[in-house]
Amino acid sequence: MQVKKALDHMSVGVCYYPEQWPVELWEDDFRRMRELGITNVRVAEFAWSIFEPEEGVYSFELFDHALELAHKHGIQVILGTPTATPPAWLTTRYPEVLNATFEGVAIQHGLRRHYNYSSPKYRELSASITRKMAEHYKDHPAVVGWQIDNEFNCETKEFYAPADHIAFRGWLKAKYGTLHALNKAWGTVFWSQTYTDWDQVHLPRMTTGGRQPNPHLALDEKRFISDNVISYARIQADIIRETAPRHWVTTNGLFGGLDNHRMTGELLDFFSYDSYPQFSTLNHNPDEKDRLADRGWSQTLSVVRSISPRFCVMEQQAGPGGWVNRMDMPSPKPGQMRLWTYQSIAHGANMVVYFRWRTATFGQEMYWHGLNDYHNRENRRVREARWIGKEIAAISERAANTTYAADIAILRDYDNEWDGEYDVWHGPFAWTSGTAWFKALQYRHVPCDIRYINEQTTLAELQTYKTLVYPHPTIMTDKTAALLEQYAREGGILIFGCRTGYKDEKGHCYMRPFPGAAAGMCGISVEEFTMVKGSREPVSMHWQETGELAEAVTGADDFNDILHPESDSVEVVAAYNSDYYAGKPAVTRNRIGKGEVWYYGAVFNRSAAEQIIDRLGIASPVRDWLTLPQGVELAVREDANGPLYFLLNYGEEAAVARISKPMRNLLTDRQLQGEFEMEGFGVVILTEAL
Ligand code: GAL
């Protein structure tokens with residue numbers, strides 16, 4: 001119901017900070033927004049000191065006036081709760097609310113997110129401001145929804161205030177019940193770490209050589225932080241639901257240390273993301289020839305879609321980004337802002353809110369450029385926004401109900417992500433392999449989902465895909481293994497990489513041959529394994545010729561599992577080329593039931609992923625009628641009325657595509673057939689011809 005109201009149509013919004021501008025500008029701002037096709041604004045997410053200038057003294061005049069003007073101009077309002085920026089009076093009077101560094105140094109007032117989620121006082125004060133705002137605005141005709149806080153775990157996902165150590169202890173007591181169980185789970189008999197009193201237990205603290213906590217503690221720390229954010233967010237969500245039940249509730253940002261899926265499922269109507277593709281220019285590596293650059297944001301947007309199939313982009317880049325002291329980004333070129341907007345939409349956004357209306361003239365973000373420049377005269381970004389506003393209003397009816405469609409998904413899970421942040425024996429592989437697959441599929445124009453799984457995942461959810469790639473699920477319970485095996489037996493294709501299945505949920509290694517929990521379905525054991533780095537020469541693997549596919553050689557990167565087939569159903573697809581294990585199996589394919597399970601003994605690269613793609617005959621859904629250059633992304637959103645094919649040209653140069661049946665470009669309403677040119681940064685949405 002709530003989702004329907006917010007996302008049943010497509011809309012464009014903008015982030016607006018009336019408290020940063022002279023009141024004389026507001027009305028003209030709202031008027032111009034409407035003229036650009038902007039129909040909603042997000043406000044107030046950092047305005048605590050405006051709403052509560054002193055403890056217990058509330059002031060709504062400023063925002064009342066701004067909201068009244070917004071309403072007058074037909075603009076809907078999303079209110080942010082301002083808890084990402086506690087005021088100076090608050091942190092001075094209650095220093096226990098401050099976060100602390102790993103070394104225990106308190107983080108002081110002056111930037112943002114300087115609080116911790118554990119302090120009972122902060123929870124109480126957050127509840128009060130949320131309740132006051134919700135009571136005040138619950139019946140306001142302009143207000144439609146709420147954003148809780150701002151970007152949980154942005155700036156930091158580490159919390160070491162005294163209140164956090166106490167809360168962690170409470171969390172552990174609830175999880176383990178006894179110290180004995182905790183000692184077992186953390187393997188504290190190792191190096192005499194055994195705890196004999198709860199007061200001895202802490203979040204990671206300084207150890208010899210710096211920061212080297214017990215690995216099982218490190219994993220529980222991540223789980224605790226995630227639970228702690230969710231329990232903090234729940235306070236606000238519950239108050240808003242109770243006080244302002246007509247409004248929807250979301251939060252924005254996609255940062256580490258947080259199970260966004262669980263948070264969204266339990267607390268929110270839908271998830272919101274903040275998309276700044278120009279961050280890709282900051283770590284540009286000219287040697288990486290097939291770099292995804294801003295197109296790489298499609299990978300993150302796929303994660304967002306796995307949380308909410310249709311979602312909001314609460315902050316969409318609207319100009320060059322920059323803080324005073326860091327993040328010095330180039331300006332988006334003409335057409336790029338529009339391209340990024342459609343990138344968000346292609347992946348499932350129905351509401352896109354630009355960050356921000358006008359660049360601030362002061363403060364940390366005075367170089368984070370909004371649609372309007374300081375001078376407020378019409379510029380090219382404003383003109384581009386007008387173009388987009390018009391288009392989106394026109395396509396909304398046809399496109400709003402569609403969702404992204406894919407036959408293949410890359411699987412992830414939080415436990416492995418969090419464990420991998422500390423464990424260098426598998427952690428760094430996940431990103432490399434996931435990106436290699438994403439790239440291979442992107443450049444072949446095969447739409448792909450990213451899905452998170454956990455103990456609650458059902459077979460039916462997995463069965464929406466023909467193929468699942470789960471690159472390095474080191475932690476794998478027998479329950480998850482059984483589910484995955486059933487998926488394969490009933491016809492699914494499952495692909496694992498090295499380091500699969502050897503740890504339990506505590507992060508202990510199983511006393512079983514690798515790949516541990518996955519061994520049965522893979523039909524193999526790992527005879528031996530090695531890191532491939534340092535003095536080790538790079539290793540390659542040799543793929544057997546099969547059917548129409550020729551032999552091939554690809555790199556066997558970073559880590560090698562030397563495989564041993566344990567069953568007759570196992571086919572060796574590739575073997576190692578060098579070192580003492582030359583000739584030994586590197587890739588296997590096990591046919592079980594109606595499906596198959598692949599084991600790839602190394603860290604994936606794009607060429608290896610392409611070998612598997614070819615051997616499985618995975619192809620683009622448009623292969624029969626549309627030829628696209630590599631630089632153009634294909635995304636498909638569909639509903640009962642059929643598919644919409646989004647073509648996104650990330651290149652500055654024009655791209656030529658060829659189409660063998662008449663189709664219509666939804667954005668221009670023109671028919672396309674034969675060869676057609678997409679301009680640099682161009683977007684086409686193909687639909688059936690009329
Ligand atoms: C986001 C944040 C905004 C703004 C923007 C640009 O992370 O939510 O408030 O800071 O980045 O830096």
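Refer to the structure printed above.
Fair warning: this is a prediction, and the values are worked out from it, not measured in the lab.

1. Structural notes on the site of the ligand
- As a matter of local geometry, the ligand sits amid Phe46, Arg112, Asn150, Glu151, Asp274, Tyr276, Glu315, Trp323, Phe355, Glu365 and Trp368.
- A distance of 2.4 Å is found between an oxygen atom of the ligand and a side-chain nitrogen or oxygen belonging to glutamate 151.
- One of the side-chain N or O atoms of glutamate 365 is found 2.2 Å from an oxygen atom in the ligand.
- Burial of the ligand by the surrounding chains reaches 93%, relative to a free accessible area of 300 Å².
- Among the residues forming the shell around the ligand, the class breakdown is 5 nonpolar, 1 polar and 5 charged.

2. Focus: the pairing of strand 3 (residues 76-80)
- In terms of residue burial, strand 3 counts as a mostly covered element, since 4 of its 5 residues are buried.
- Of the strand pairs in this sheet, strand 2 (residues 40-43) and strand 3 are connected by 4 bridges, and their pairing is parallel. By the bridge assignment, valine 41 is partnered in strand 3 with valine 77.
- By the bridge criterion, 4 bridges tie strand 3 to strand 4 (residues 143-147) in an arrangement that is parallel. In the strand pairing of strand 4, leucine 79 is matched with tryptophan 146.

3. Some details on the layout of surface pockets
- Roughly 910 Å³ of volume is contained in the second largest pocket.
- In terms of lining, the second largest pocket is formed by 32 residues, of which the most central are Asp259, Ile453, Asn454, Glu455 and Gln456.
- Put simply, the parts of the chain that give the lining of the second largest pocket at least two residues each are helix 7 (162-176), helix 9 (215-243), helix 10 (260-267), helix 14 (414-420), strand 11 (448-452), helix 16 (459-462) and strand 12 (467-470).
- Here the element with the most residues in the lining of the second largest pocket is helix 14; it accounts for 4 residues.
- Inspection of the lining of the second largest pocket shows a minimum of three residues originating in each of domain 1 (3-167 + 246-398) and domain 2 (408-616).

4. Looking at a nonpolar patch on the surface
- A surface patch of nonpolar side chains, about 440 Å² in accessible area, is lined by Val189, Phe190 and Trp191.
- As for its placement among the helices and strands, tryptophan 191 is situated in the loop between helix 8 (179-185) and helix 9.

What counts as what
Residues numbered from 1 in each chain as written. Predicted model: local features only at pLDDT ≥ 70, side-chain atom pairs only at ≥ 80, totals over all residues. Heavy atoms only, no water. Near = heavy atom within 4 Å. Polar contact = N/O pair within 3.5 Å; in protein donor to acceptor, adjacent residues only side chain to side chain. Areas by Shrake-Rupley, 256 points an atom, 1.4 Å probe, with all protein chains shown as cover. Nonpolar A, V, L, I, M, F, W, Y, C, P; charged D, E, K, R; others polar. Buried < 20%, exposed > 50% of the residue type's maximum accessible area, 1.4 Å probe, protein only. Helix = DSSP H or I, 4+ residues; strand = E, 2+ residues; numbered from the N terminus. Pairing = 2+ DSSP bridges. 1 Å grid on protein atoms, 1.4 Å probe; cavity = no way out; pocket = protein on both sides within 12 Å on 5 of 7 lines; lining within 4 Å. Points joined across faces, edges and corners; volume = space filled by probe spheres on them. Domains from an automatic or database assignment. Patch = residues over 30% accessible without salt bridge, like charges linked within 9 Å, V, L, I, M, F, W, Y side chains within 5 Å. Salt bridge = Lys/Arg side-chain N within 4 Å of Asp/Glu carboxyl O.

On their own, these measurements won't tell you what the molecule is for.
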